Amino acid sequence: MADVAVLGAGSWGTTFAKTLADGGADTVLWARRPEAAREIDESRRNTRYLPGITLPASLHATSDIRAALEGASQVYLAVPSQQLRQLLREHGDAIEAGAPVVSLMKGVEAGTRLRMSEVIAQELRIDPERIAVVSGPNLALEIAQEQPTAAVVSSTSPTTARDVAKRARNDYFHSFINTDVIGTEFGGVLKNLVALAIGIVDGVGYGENTKASIITRGLAELTDFAVAHGAERETLRGLAGLGDLIATCGSPLSRNFTAGRLLGMGYSRTDVIARMEQVAEGLASVDPVAELAAARGVRMPILEQVRLVLDGAMDPRDIAPHLTTDDEPIEE
Ligand SMILES: NC(=O)c1ccc[n+]([C@@H]2O[C@H](COP(=O)([O-])OP(=O)(O)OC[C@H]3O[C@@H](n4cnc5c(N)ncnc54)[C@H](O)[C@@H]3O)[C@@H](O)[C@H]2O)c1
Ligand SMILES: O=P(O)(O)OC[C@H](O)CO
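Since the structure is predicted, the reported quantities are computational estimates derived from the model, not experimental observations.

Tracing the backbone through its elements, the reader meets His229 in the loop between helix H9 (208-228) and helix H10 (239-249). Since its relative accessible area comes to 13%, His229 is described here as buried. Looking at His229, its side chain comes within polar contact range of the main-chain oxygen of Phe225, at 2.8 Å.

This brings us to the pairing of strand E2 (residues 27-30). Residue alternation in E2 divides its side chains into two sets, Thr27 and Leu29 and Val28 and Trp30, and both sets are buried. When strand E1 (residues 4-7) meets E2, the two strands line up parallel, connected through four bridges. Each bridged residue has a counterpart across the sheet, and for Leu7 the counterpart in E2 is Trp30. Crossover connection from E1 via helix H1 (residues 11-22) to parallel E2: handedness right-handed. Looking at chain direction, E2 and strand E3 (residues 60-62) are connected through three bridges and run parallel. Its bridge partner being in E3, Val28 is matched across the sheet by His60.

Here we come to the site of ligand 2. As a structural note, the neighbourhood of ligand 2 is formed by Lys106, Gly136, Pro137, Asn138, Leu139, Lys191, Asp244, Thr248, Leu253, Ser254, Arg255 and Asn256. Side-chain polar atom of Asp244 to an oxygen atom of ligand 2: 2.6 Å apart, as the coordinates give it. Take Ser254: an N or O atom from its side chain is 2.7 Å from an oxygen atom of ligand 2. Within the residue set of the shell around ligand 2, elements represented by two or more residues are H10 and helix H11 (255-264). Split by residue class, the shell around ligand 2 holds three nonpolar, five polar and four charged.

Here we have eight strands laid out as an open sheet, ordered E3-E2-E1-E4-E5-E6-E7-E8, and mixed in their pairing. Strands with a single pairing partner mark the edges of an open sheet, and in this sheet they are E3 and strand E8 (173-178). Ignoring strand direction, the axes of neighbouring strands in this sheet form an average angle of 25 degrees. Of the strands in this sheet, strand E6 (131-135), strand E7 (149-154) and E8 touch H10, which is tilted by about 145 degrees from E7.

Helix length check: H9, at 21 residues, gives a terminal C-alpha distance of 30 Å against a target of 30 Å (1.5 Å per residue), a fit within 8%. All of the buried residues along H9 are Lys211, Ile214, Gly218, Leu219, Glu221, Leu222, Thr223, Phe225 and Ala226. The secondary structure elements touched by the buried residues of H9 are helix H8 (181-204), H10, helix H13 (282-296) and helix H14 (301-310). Positive phi shows up at Gly230, right after H9, with a value of about 105 degrees.

Here we take up the confidence of the model for the protein. Caution applies to low-pLDDT parts of the model: their predicted coordinates are not meant to be read in detail. Taken over all residues, the pLDDT of the protein has a mean of 97, while the share at 70 or more is 100%. Note on the complex model: pTM 0.97, ipTM 0.99.

Between side chains of opposite charge, pairing is possible as soon as their charged atoms come close. Evaluation of the coordinates by the stated rule reveals 21 salt bridges. One salt bridge connects Arg66 with Asp93, and the closest N-O pair in it is separated by 2.5 Å. In this pair, Arg66 sits in helix H3 (residues 65-69) while Asp93 sits in the loop between helix H4 (84-91) and strand E5 (101-103), placing the two residues 27 residues apart along the sequence. The class of Arg66 is partly exposed, set by a relative accessible area of 36%. Asp93 sits in the exposed class, given a relative accessible area of 58%. Across the pair Arg113 and Glu291 runs a salt bridge, and its minimum N-O distance is 2.8 Å. Of the two residues, Arg113 sits in the loop between E5 and helix H5 (116-124) while Glu291 sits in helix H13, which places them 178 residues apart along the sequence. For Arg113, a relative accessible area of 33% corresponds to the partly exposed category. Because the salt bridges share partners, they merge into one network encompassing Arg85, Arg89, Glu109 and Glu123.

Turning our attention to the domain arrangement of the protein. Each domain of the protein was delimited in the assignment, giving domain 1 (4-179) and domain 2 (182-318). For domain 1 and domain 2, the distance between their C-alpha centroids amounts to 24 Å. Across the boundary between the two partners, domain 1 contributes 30 residues, which contact 28 residues of domain 2. Here domain 1 and domain 2 share an interface that buries about 2200 Å² over both sides, 63% of which is from carbon and sulfur atoms. On the domain 1 side of the contact with domain 2, Lys106, Arg113 and Arg115 bury the most area, a combined 28% of that side's loss. Run the count over domain 1 and domain 2 and you get three salt bridges. For the salt bridge of Arg115 with Glu185, the shortest nitrogen-to-oxygen distance reads 2.7 Å. Between the two partners, domain 1 and domain 2, sit 10 residue pairs in polar contact (both at pLDDT 80 or more).

Criteria and thresholds
- Residues numbered from 1 in each chain as written.
- Chains lettered and ligands numbered in written order.
- Predicted model: local features only at pLDDT ≥ 70, side-chain atom pairs only at ≥ 80, totals over all residues.
- Heavy atoms only, no water.
- Helix = DSSP H or I, 4+ residues; strand = E, 2+ residues; numbered from the N terminus.
- Buried < 20%, exposed > 50% of the residue type's maximum accessible area, 1.4 Å probe, protein only.
- Polar contact = N/O pair within 3.5 Å; in protein donor to acceptor, adjacent residues only side chain to side chain.
- Pairing = 2+ DSSP bridges.
- Right-handed = clockwise from strand over helix to strand, strands pointing away.
- Near = heavy atom within 4 Å.
- Nonpolar A, V, L, I, M, F, W, Y, C, P; charged D, E, K, R; others polar.
- Axes fitted to C-alpha atoms, helices over the stretch in contact; angles between N-to-C directions.
- Contact = heavy atoms within 4.5 Å.
- Expected span 1.5 Å × (residues − 1).
- pLDDT = per-residue confidence, 0-100.
- Salt bridge = Lys/Arg side-chain N within 4 Å of Asp/Glu carboxyl O.
- Domains from an automatic or database assignment.
- Buried area = accessible area lost by both parts, 1.4 Å probe.

Encoded structure:
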């Protein structure tokens, strides 16, 4: 029995489990594939997702999800967003009563358009005060290499946020806290969409002016969207907004940037999905976010263009920080 359980042994789940274990938490990582659990447990490696990284001996792995959850006083979730509901439906009853449940994910559920904390609350029927989310400029491999990094832990309960932040920290990883779950979650979701746009720009071969223009307008766009849904404007200027935009839009480690780059090079949506070996959450979040924006009347020209490129309805070379139909100057 471990004190802390992490579900999902991809690049982020494994890195976060290492981060917790390096901070002194007695941690177990659940991997769907038995061979992945065996490799982590016996060889201290997860070669598929974290090449070159040696995992701490104190971190244990199992493919038995119910054994992983037994006795865990905190549960961290790191599976692709579209898979979360089914996982909780099948195994949520094994989560210990009262244990905080923490989303490490950055997606919106297609169809329901719900954020991950909302899916958790709905499926587990637990008090939102027991739920936390972690977000920020957190490219997994850099953290696994123990490069100094910060994130923000958000919960409507300051106590839950503090309890999680105290565990999720070590010499190279620091957790700040806030109570703006909406802003923190939407920051992580929407930066993926801007990263897709920047990847498209890169794939086309445009330079830094175009990228800086789109990142800056992207920040305005995602802030308007989040605020319209109840977020605090300030959150989007923090680690979960601006911070994550800088990391994700500037790094070839980002899967969303990589997916966008392929689109910019002329690959179709289907080809891009087929070529991605890890999850690029932005691809599944584009439509639900566009639907949410339309419902609240939020103008999102960058998102709209990414959507058109994905649908094959726009030449990637035409992507710009504004819509070509924008004739009248608008306020910055
Ligand atoms: N990788 C990062 O740098 C990073 C950083 C911050 C947040 N995140 C977020 O973390 C979440 C997970 O991303 P990741 O990078 O670990 O993805 P990944 O593609 O590296 O790994 C996904 C993991 O989920 C497992 N999985 C897939 N389908 C599943 C299912 N139906 N049930 C259970 N497990 C399943 C896979 O086997 C794999 O172990 C995403 O929402 C992502 O946005 C990732
Ligand atoms: O690889 P991405 O594009 O999913 O980005 C990973 C993290 O969210 C960066 O903070």
